Structure formats: C-alpha cells, structure tokens
Amino acid sequence: MTAAPDSSLRERKKRRTRQALIDTALELFTRRGFGGVTLDELCEEVEVSKRTFFRTFTSKEDVAMAPDQDLWRAFLEELETAEPDGLPVVELGRDALLAALARMDDEGWARRLLLSRRLAERTPSMGAHGLQFCEATTQEALAILHRRFGLGAPGDLRPRLAVDMLVAAFHGAVTGWVAQADDAAGGVSGIEPPTTDDLADRLREAVAALPGSLALTVTPR
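Residues numbered from 1 in each chain as written. Predicted model: local features only at pLDDT ≥ 70, side-chain atom pairs only at ≥ 80, totals over all residues. Heavy atoms only, no water.

Visitor: Just checking my understanding: could you explain the overall build of the chain for this structure?
Guide: Per the secondary structure count, the chain includes ten helices and zero strands. The N-to-C order of helical and strand elements in the chain reads α-α-α-α-α-α-α-α-α-α. The principal-axis extent of the C-alpha atoms belonging to the chain is close to 60 × 55 × 30 Å. Across the chain, every contact between residues at least 6 apart in sequence was considered, and the portion connecting residues at least 24 apart equals 70%. (Helix = DSSP H or I, 4+ residues; strand = E, 2+ residues; numbered from the N terminus. Contact = heavy atoms within 4.5 Å.)

Visitor: Looking at this structure, how should I read the pattern of salt bridges?
Guide: Close approach of charged atoms allows side chains of opposite charge to pair. Counting across every chain of the model gives 17 salt bridges. Between D70 and R73 there is a salt bridge, with the nearest N and O atoms lying 3.7 Å from each other. Note that D70 and R73 are positioned in helix α5 (residues 66-81) at a spacing of three residues, about one turn of the helix. Given a relative accessible area of 22%, D70 falls into the partly exposed group. Across the pair R103 and E77 runs a salt bridge whose closest N-O atoms are separated by 2.5 Å. On the criterion of sequence distance, the pair formed by R103 in helix α6 (residues 89-103) and E77 in helix α5 is long-range, its members being 26 residues apart. (Salt bridge = Lys/Arg side-chain N within 4 Å of Asp/Glu carboxyl O. Buried < 20%, exposed > 50% of the residue type's maximum accessible area, 1.4 Å probe, protein only.)

Visitor: Would you mind showing me how to read the environment of L161 here?
Guide: Positionally, L161 belongs in helix α9 (residues 158-185). Using a relative accessible area of 47% as the deciding quantity, one classes L161 as partly exposed.

Visitor: In this structure, what is going on with a positive patch on the surface? I would like to understand it.
Guide: Together, R12, K13, R15 and R16 make up a positively charged patch on the protein surface. Locating R15 in the fold gives a position in helix α1 (residues 3-32). Residue R15 is classed as exposed on the basis of its relative accessible area, which comes to 51%. (Patch = residues over 30% accessible without salt bridge, like charges linked within 9 Å, V, L, I, M, F, W, Y side chains within 5 Å. Areas by Shrake-Rupley, 256 points an atom, 1.4 Å probe, with all protein chains shown as cover. Lys, Arg positive; Asp, Glu negative; His and termini not counted. Charge placed at Lys NZ, Arg CZ, Asp CG, Glu CD.)

Visitor: Explain helix α7 (residues 109-121) to me, please; I cannot follow it from the model alone.
Guide: Because each turn of an α-helix spans 3.6 residues, side chains separated by three or four positions end up pointing in the same direction. Over its 13 residues, α7 extends 18 Å from the first C-alpha to the last, a length consistent with the 18 Å expected when each residue adds 1.5 Å. For α7, the full list of buried residues reads W109, A110, R112, L113, L114, L115, S116, R117 and L119. (Expected span 1.5 Å × (residues − 1).)

Visitor: Sorry, what's going on with the packing of α5 against helix α8 (residues 124-149) here?
Guide: Between two packed helices, what matters for the description is the angle formed by their axes and the separation of those axes. Following both chains from N to C, one finds α5 and α8 inclined at 5°, their axes separated by 10 Å at the closest point. As judged from the angle between their axes, α5 and α8 are roughly parallel. Contacts between α5 and α8 involve Q69, W72, R73, F75, L76, L79, E80 and T81 from the former and H129, F133, T137, E140, A141, I144, L145, R147 and R148 from the latter. (Axes fitted to C-alpha atoms, helices over the stretch in contact; angles between N-to-C directions. Parallel < 35°, antiparallel > 145°, perpendicular 65-115°, else oblique.)

Visitor: How should the environment of L21 be read in this particular structure?
Guide: Here L21 is to be found in helix α1. In this structure L21 comes out as buried when scored by relative accessible area, which is 0%. Between the alpha carbons of L21 and M126 there is a distance of 17 Å; along the sequence they are 105 residues apart. Those residues in contact with L21 that lie beyond four places of it in its chain are L42, V46, V48, F53, F57 and V63.

Visitor: Whenever I open this one, unusual backbone geometry confuses me. Can you help?
Guide: A negative phi angle characterises most non-glycine residues, just as the trans form characterises most peptide bonds. If you check the backbone angles, E47 has positive phi at about 65° while not being a glycine. Taking relative accessible area as the criterion, E47 reaches 73% and is therefore assigned exposed. Although it is not a glycine, D85 adopts a positive phi angle of roughly 50°. Within the element layout of this structure, D85 appears in the loop between α5 and α6.

Visitor: Looking at this structure, how should I read the nonpolar core?
Guide: Here is a general trend for soluble globular proteins: nonpolar side chains tend to be buried in one another's company. Residues F75 and L199 are the most contacted members of the largest nonpolar core, which totals 41 residues. Sort the elements by how many residues they give to this core and α9 lands first, with eleven residues. Aside from chain neighbours lying at most four places away, what touches L199 is L101, W109, L113, F170, A173, V174 and W177. Of all hydrophobic cores here, the second largest spans 22 residues; its members include I22, L26, F29 and C43. (Core = buried A, V, L, I, M, F, W, Y, C linked by side-chain atoms within 4.5 Å.)

Visitor: How should I be thinking about the environment of I191 in this particular structure?
Guide: Checked against the element boundaries, I191 lands in the loop between α9 and α10 (196-214). Looking at I191, the relative accessible area reads 30%, which means it is partly exposed. Once the C-alpha coordinates of I191 and A181 are considered, the two residues, ten residues apart in sequence, prove to be 8.2 Å apart. Residues contacting I191, with those up to four places away along its chain left out, are Q180, D183 and A184.

Fair warning: the whole summary comes from geometry, so function is off the table for now.
Below, the structure is given as structure tokens:
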C-alpha cells in the first residue's frame, strides 16, 4: 500500500535534485565561466555526490544544455502522438515542436534556455555536445516518421531534409530570441524581455519563411 507514495516521493526528490543541478550549474558557469567550475565544485554547491550527478547527466556539457534537450525530448514525445492531417512533414514537425514549447510552462525555463545558449556561444565543447545530441534527436525523429507514417524509404532524402529544415528554423528563431533578450538587457527602448510565447511566434515565422527561402534563385552579381 505504501509502494506508490514512496515511489512518487522518490521521483519528486529526483526531479528537485535535477533542477537544482541545472539551475546551479547555469548560474555558476555564467558567473565564473564554463571552465572555471569543476564538477566537484558544482556537486558540493548542490550538496550531492558525483555518483548522484552521473545518475542524471553524463557531463558538465550535458547539464548546461538541459533546457534545450528537455525541449527536444518533449518534441519527440509529441511527434509520437501527432496527427498528420495531410500536413507536410515540416509543418507536422513545427506543430509538434510548438506543443513541446507549450509544455515548457515552468516560468524559469526561458531564462535557463537563455543562459544555456549564451554559454554555448563561447564554449566549444558545448557546441560539440549539441551537435551530437542534435544528430541523435534527428535519428529518433526519422525513426518515428518511418514507424508511424512509412516515410523514409531507402534513398529517400526528403524526411531527413524536412527534419533538418525544422532544426534550422528553430535555430534561426532562437538566435533572434536571444538577440531580443540582449537588447532588453541593454536597455534598448521598447524592447521587452522575451518569453516562451515569443519564441513560439519566432518559430512559426521561421518555418513560414522556409518555402520562400528555398525558392531563391542564384544569379551573378
């Protein structure tokens, strides 16, 4: 009779510890630089063992990029249940990613994503980790598209290109979103700190721009 409550309590404790590691890591890395904080120092700050850390994260890069990774894991979950309704693959992916964004309802998520993105801009090892995670996520998305919709026959590059375009649109949206945050932090008149809803709007705009951008014709200057 007590197994379920005990299990639930353990899960809540694990989630709190995970969140404390993410928040503390991002604050320390931002203040002292990614290389200026050891894993031992991070664990000491949160009062957990390194063994506890490695139950949840694989490295400093992994914890620093958790906000991004949480979003894309939610995206894969949404893609698993998405209804196609005759949509192009890019638009199906857009809707799944927007649904994942809507799940990032913790008010601190947007700030954590900003800190993570700013760190990644000046930390090469985070960039390398991000590329590995992106490729793994892409492969999982392609597996879902193949399993659920029969897309991705041998030699058919279209599903891969569609997922790559979605990722590119998201990166474009995030770049503008981070720039908005920088302008707001710099006190630029009329610029408000960005929200998750702002990022969703930028993603819609970026995906909407894809067909036009792909139709551009190259001519001699």
